[in-house]
Amino acid sequence: MTGLFSEVFLSALLFGAVTAAIPLLLAGLGEQMSEKAGVLNIGIEGMMLAGAYLGFVGAFYSGSLWLGFLTGAGGGMAVALVMALLCVRIGLNQIVIGIALTLGLEGLTALLHHFQFSRSYPRLPAVDVTVIPLLSDIPVIGPALFKQHLIVYLAVALVFGMGYIYRRTQLGLNLQAAGDKPAALDVAGIDVLRTRTVAVLTTGALAGLGGAYLANIGAGLFIPFITNGAGFLGIVLAMLARGRPVWVLFGALLFGVCLSLTTAMQVAGINIPTDIIQMLPFLAVMIMLVLFGRRAGLPAALGIPYERGAR
Amino acid sequence: MSIETAPSASATALDATAAVATRRDIQHRLLMTLGPILAALIIAGCILLAVGVDPLAYYGFVLEKGLFSPLGIQQTLTRMAPLLFLAAGLIVAFRAGMWNLGGDGQFLLGAVTAAASAPLFVQVMPAWLALFCSFVIAMVVAMIWSLLPALLRAYQGVNEIITTLMMTFLGTSLANVLVKLVFRDPGTTVPQTRTLPVEDRLPRLFGTTITSGLLLGLAAIIIVHLVMTRTAFGLKLRIVGANPRAAIHSGLGVPGLTIAVFAISAGLAGLAGAVDILGVQGNVRADWNPAYGLAVIPVVFLARMNGFAAIGFVFLLSVLSIGGESAARRLGVPKHFTLVLVSIVLIVLALAEYIDHRYNQSRRA
């Protein structure tokens, strides 16, 4: 059993955990912003799929990963635009539209992939990593954490960027008010619908980026239904984090380790159904909720469309 | 009409206008349902054209295979059985204001328990009793699965969207573990549960292939509709849904009602799993997850949590999915296109309802 806990194995495990965590982190951060602003974004799975597909297509034909990320974020944003129009501007039910968008994008991306690539699954070339000097020489965690693609560092930096926005800027306050007491924000002369639209579009861009990362770096290819519930995990993370971006990071890493563990176990040939390991993060979170779950502290106006003058 | 008109005459006149109004209302609702569906078909047809498929040929095929061919309509009606149970469960939860998004986990656990217990029961008892016991066990297991979210919501105020979503992920994995490790049929190489012999499954209706589960499903959703709209219990649940704080102040035991809602909702989802296994599938294969729950949620919303409207929408959903599956095999359009179609139908229906609402408002103002 010594082989199991060798440096190489642990390092690969950690590397995989980071790779699995980044899409969840991006989706969670995006969902968090929507929820702060009072929009329950159940369509995030669809936005990730749009990002994954367009991100892959962009990177595949241009040969540039960065262009792929751009098209991916754009794809997520396009879906978010539909959501913003339907749920924020004219106030349709967020759960109906969110689920409809998720179902539709699941079908649409699978359909487009079928007609474009038929049954072949072309791969992208291996990604080039950014090595951080000195830190990457630390045994075990060095190669795992500090030899990643540049976007990984950017995603982690975004966590603190988001924290800054929420705590220190006018925009952060506006977002919070749009979710907690939209009427008050309106009275203060700030357009609630515009604030919420900004939040939903940002969510779409982040979710699309997460999807593009999942396809281009995590898997290196696009397969239909590639997100496999990652968007819903993002929703869970955002709700558990109670408005704190750093908690989303920790949550994403916890889920990432468990996802990575399932692959690692298969590689190591350990004969436990992967389903058991996949249950671990959910079990951990449920236990946490049972022990510490008081009032979840969700925004008061979450899921309620805002209509000026309505009572 | 003169003032001296006998009261009875004016009453009949009122009845007549009321009847006209109801008829107009029904016509209006039909128009507001069929119109958007037609519009959605046209939009989806444009997507088909874009990928180089003749939309008319596709729709013709879907209608023929899902609705007009004898085999197709039987498959469609059979598919409705689990969907009706799921819709009934969601109606209870949504009317009481609880977002039970964990239907898929409860469905799968119900399915696995039914699949595991029925082949054992038929060996020791008559088939009808075995089926009945399997239904009960599936229901109880699904109820237990919803207990944690229910308790957390009732006593800790933890948002049930997170907990039910997590329990559905957990339930899906647990169902797989059970199929692969505990209830695995030793006689097969692919991991699946023991197969219930066809003669022991739910009887089929009148010499067709339609499962009698359809009748159970219809009964379930109609009973749920009547309980929610016609009984004191239903009224209590709707009060909790409309305003939980008001419900507390009017002396309702909200925590108890919350747990009851989750139990009923999850129990019906478990029955949905059981009816699919005991009537149609016969066993559960590893990694089987039809994800019906996700598609039924918006359907229930669009039906405005009305049981009878939900039956209509569930029928539509079944036609589209059965027809779409056949079209995938014959026309080379992946069955995923059905998802696109369903999604466009949902969005256009929601939009139409909004426009209708706005129109009425402006007319009244």
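Treat the numbers as computed from the prediction; the structure is a model and nothing was measured. (Residues numbered from 1 in each chain as written. Chains lettered and ligands numbered in written order. Predicted model: local features only at pLDDT ≥ 70, side-chain atom pairs only at ≥ 80, totals over all residues. Heavy atoms only, no water.)

Draft legend 1. Geometry of the overall build of chain B. Scanning chain B from terminus to terminus reveals 13 helices and zero strands. A compact globule built from 365 residues would reach a C-alpha radius of gyration of about 21 Å, and chain B, at 23 Å, matches this within 12%. Seen through its C-alpha atoms, chain B measures out along the principal axes to roughly 85 × 60 × 40 Å. Within the span of chain B, comprising 365 residues, buried residues form 51% of the whole. In chain B, the proportion of contacts linking residues at least 24 apart, taken out of those at least 6 apart, comes to 76%. Approximately 16,300 Å² of chain B is accessible, and the part contributed by carbon and sulfur atoms is 68%. Of the charged side chains in chain B, 24 are positive and 15 negative, and the gap between their average positions amounts to 4 Å. (Helix = DSSP H or I, 4+ residues; strand = E, 2+ residues; numbered from the N terminus. Rg over C-alpha atoms; globule rule 2.2 N^0.38 Å. Buried < 20%, exposed > 50% of the residue type's maximum accessible area, 1.4 Å probe, protein only. Contact = heavy atoms within 4.5 Å. Areas by Shrake-Rupley, 256 points an atom, 1.4 Å probe, with all protein chains shown as cover. Lys, Arg positive; Asp, Glu negative; His and termini not counted. Charge placed at Lys NZ, Arg CZ, Asp CG, Glu CD.)

Draft legend 2. Quick look at the packing of aromatic side chains. Tallied over the entire structure, the rule returns 13 aromatic pairs over all chains. A ring pair is formed by W99 of chain B and F301 of chain B, whose centres lie 5.6 Å apart and whose planes are at 15 degrees; its orientation type is stacked. Taken together, the positions of W99 of chain B in the loop between helix 3 (70-95) and helix 4 (103-124) and F301 of chain B in helix 11 (residues 292-302) put the pair 202 residues apart, joining distant regions of the chain. The exposure class of W99 of chain B is partly exposed, given its relative accessible area of 25%. Its relative accessible area of 10% is what places F301 of chain B among the buried residues. Cluster of aromatic residues (ring-pair linked, three or more members): F56, F60, Y61 and F117 of chain A. When the ring centre of W247 of chain A is taken as origin, the NZ or CZ atom of R244 of chain A, which lies over that ring, is 4.6 Å away. (Phe/Tyr/Trp six-rings, centres within 6.5 Å; stacked < 30°, edge-to-face > 60°. Lys NZ or Arg CZ within 6 Å of the ring centre and 35° of its normal.)

Draft legend 3. Spatial organisation of helix 5 (residues 127-156) of chain B. Residues and elements named next belong to chain B. The end-to-end C-alpha distance of helix 5, which contains 30 residues, comes to 43 Å, matching closely the 44 Å that a straight helix rising 1.5 Å per residue would cover. Of all bends in helix 5, the biggest is about 35 degrees, found at L147, and the proline P149 comes one to four residues later. Directly after helix 5, the chain includes G157, whose backbone phi takes a positive value near 70 degrees. (Expected span 1.5 Å × (residues − 1). Bend = angle between axes of the 7 residues up to and from the residue.)

Draft legend 4. Local environment of the interface of chain A and chain B. The interface of chain A with chain B comprises 46 residues on the first partner and 46 residues on the second. Overall, the association of chain A and chain B removes approximately 4,200 Å² of surface from exposure, summing both partners, and the carbon and sulfur fraction of that is 83%. For chain A, the biggest contributors to the area lost against chain B are L103, L111 and M286 of chain A; these three give 14% of the whole. Seen at the junction of chain A and chain B, the total is zero salt bridges. There are one residue pair in polar contact (both at pLDDT 80 or more) connecting chain A and chain B. Put simply, the parts of the chain that give the side of chain A that touches chain B at least two residues each are helix 4 (94-117), helix 10 (230-241) and helix 12 (274-292) of chain A. (Buried area = accessible area lost by both parts, 1.4 Å probe. Salt bridge = Lys/Arg side-chain N within 4 Å of Asp/Glu carboxyl O. Polar contact = N/O pair within 3.5 Å; in protein donor to acceptor, adjacent residues only side chain to side chain.)

Draft legend 5. Representation of a nonpolar patch on the surface. On the surface, L280, L283, I287, V290 and L291 of chain A together with L148 of chain B cluster together into a nonpolar patch covering about 480 Å² of accessible area. Top contributing element to the nonpolar patch by residue count: helix 12 of chain A, with five residues. Its location among the elements puts V290 of chain A in helix 12. On the basis of relative accessibility, which here comes to 37%, the residue V290 of chain A falls in the partly exposed class. (Patch = residues over 30% accessible without salt bridge, like charges linked within 9 Å, V, L, I, M, F, W, Y side chains within 5 Å.)

Draft legend 6. Representation of the pattern of salt bridges in the model. All names here are of chain B. Within the structure shown, the criterion is met by four salt bridges over all chains. Taking the shortest distance from any N to any O, the salt bridge between E325 and R79 comes out at 3.5 Å. Of this pair, E325 sits in helix 12 (residues 307-331) while R79 sits in helix 3, placing them 246 residues apart in sequence. The partner of R304 in a salt bridge is E353, and the shortest N-O contact between them spans 3.4 Å. Of this pair, R304 sits in the loop between helix 11 and helix 12 while E353 is found in helix 13 (residues 336-364), placing the two residues 49 residues apart along the sequence.

Draft legend 7. Representation of unusual backbone geometry within the structure. Phi is positive for F225 of chain A, close to 60 degrees, though the residue is something other than glycine. Mapped onto the elements, F225 of chain A comes out in the loop between helix 9 (192-219) and helix 10. Residue class for F225 of chain A comes out partly exposed when judged on its relative accessible area of 32%. Of note, the phi angle at M305 of chain B is positive, near 60 degrees, even though the residue is not glycine.

Draft legend 8. Layout of the nonpolar core. Core analysis: the biggest nonpolar cluster contains 199 residues, and L25 of chain A together with Y58, L278 and F337 of chain B have the highest contact counts within it. Filtering out sequence-adjacent residues up to four positions away, L278 of chain B remains in contact with A114, A118, L131, S134, F135, L196, R201 and L202 of chain B. (Core = buried A, V, L, I, M, F, W, Y, C linked by side-chain atoms within 4.5 Å.)

Draft legend 9. Just the confidence of the model for chain A, in detail. Looking at chain A as a whole, the pLDDT averages 84, with 94% of positions reaching at least 70. Helix 3 (residues 65-89) of chain A holds the highest mean pLDDT among the elements of chain A, 93, whereas strand 1 (residues 130-131) of chain A holds the lowest, 70. (pLDDT = per-residue confidence, 0-100.)

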